Amino acid sequence: MCSIHANSAREAITKLCTLPLLAGENVGHAFVVPTVAASVDIVVHTATDRHGHRRIREIVGVPGRVEGDVVEVTDLFATRSDRLVRADGYPPHVERFESAGYQLATLLAGTADPLAGSAHRTA
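For the structure given in this document, a descriptive report is provided here. (Residues numbered from 1 in each chain as written. Predicted model: local features only at pLDDT ≥ 70, side-chain atom pairs only at ≥ 80, totals over all residues. Heavy atoms only, no water.)

### Side note on the overall build of the protein
Thought 1: Secondary structure assignment for the protein yields four helices and six strands.
Thought 2: Counting from the amino terminus, the protein carries its helices and strands in the arrangement α-α-β-β-β-β-β-β-α-α.
Thought 3: Split into buried and exposed, the 123 residues of the protein put 24% on the buried side.
Thought 4: Of the contacts made within the protein by residues no fewer than 6 positions apart, 30% connect residues no fewer than 24 positions apart.
Thought 5: A total of about 8,400 Å² of accessible surface is found on the protein, and carbon and sulfur atoms cover 54% of it. (Helix = DSSP H or I, 4+ residues; strand = E, 2+ residues; numbered from the N terminus. Buried < 20%, exposed > 50% of the residue type's maximum accessible area, 1.4 Å probe, protein only. Contact = heavy atoms within 4.5 Å. Areas by Shrake-Rupley, 256 points an atom, 1.4 Å probe, with all protein chains shown as cover.)

Printed below as a string of structure tokens:
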């Protein structure tokens, strides 16, 4: 997990792809872009609202694919009318959630017990 300053989740991915290029000619775009695409799973973008409170504005999934020189992202949650709502996308690497004991379908559906049947559940 890390943080990066950007104006959107997509801009954060672009920045992650651009910053290593500042190291010089020993690191190239052809290496950096696919590496970022394969290394990042989810980006959560926060912003300060008009009252000065930090709010989640969007959550995107990064499935690991690159189209041209652009890292593909899919909207998981987006802000609509000042509310964070579920978008159409589905997070990549479902097996990583499952190995951590999370029922991804339950989490996304918003039901009460996302850890139902997992090893993390306590009696």
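Past the structure itself, the notes keep going.
### What about the nonpolar core?
Thought 1: Core analysis: the biggest nonpolar cluster contains 14 residues, and Ile13, Cys17, Val40, Val43, Val62 and Val71 have the highest contact counts within it.
Thought 2: Mapped onto this core, the elements with two or more residues apiece are α1 (9–18) and α2 (29–39).
Thought 3: Other than its neighbours up to four places away in sequence, Val62 contacts Ile13, Ala37, Val40, Asp41, Val43, Val71, Glu72, Val73, Pro92 and His93. (Core = buried A, V, L, I, M, F, W, Y, C linked by side-chain atoms within 4.5 Å.)

### A closer look at α1
Thought 1: Turning to α1, its buried residues number three or more, namely Ala9, Ala12, Ile13 and Cys17. With its buried residues spanning 140 degrees around the axis, α1 presents them on a single face.
Thought 2: Buried residues belonging to α1 abut α2, β1 (42–48), β2 (54–61) and β4 (70–71). (Arc of directions from axis to C-beta.)

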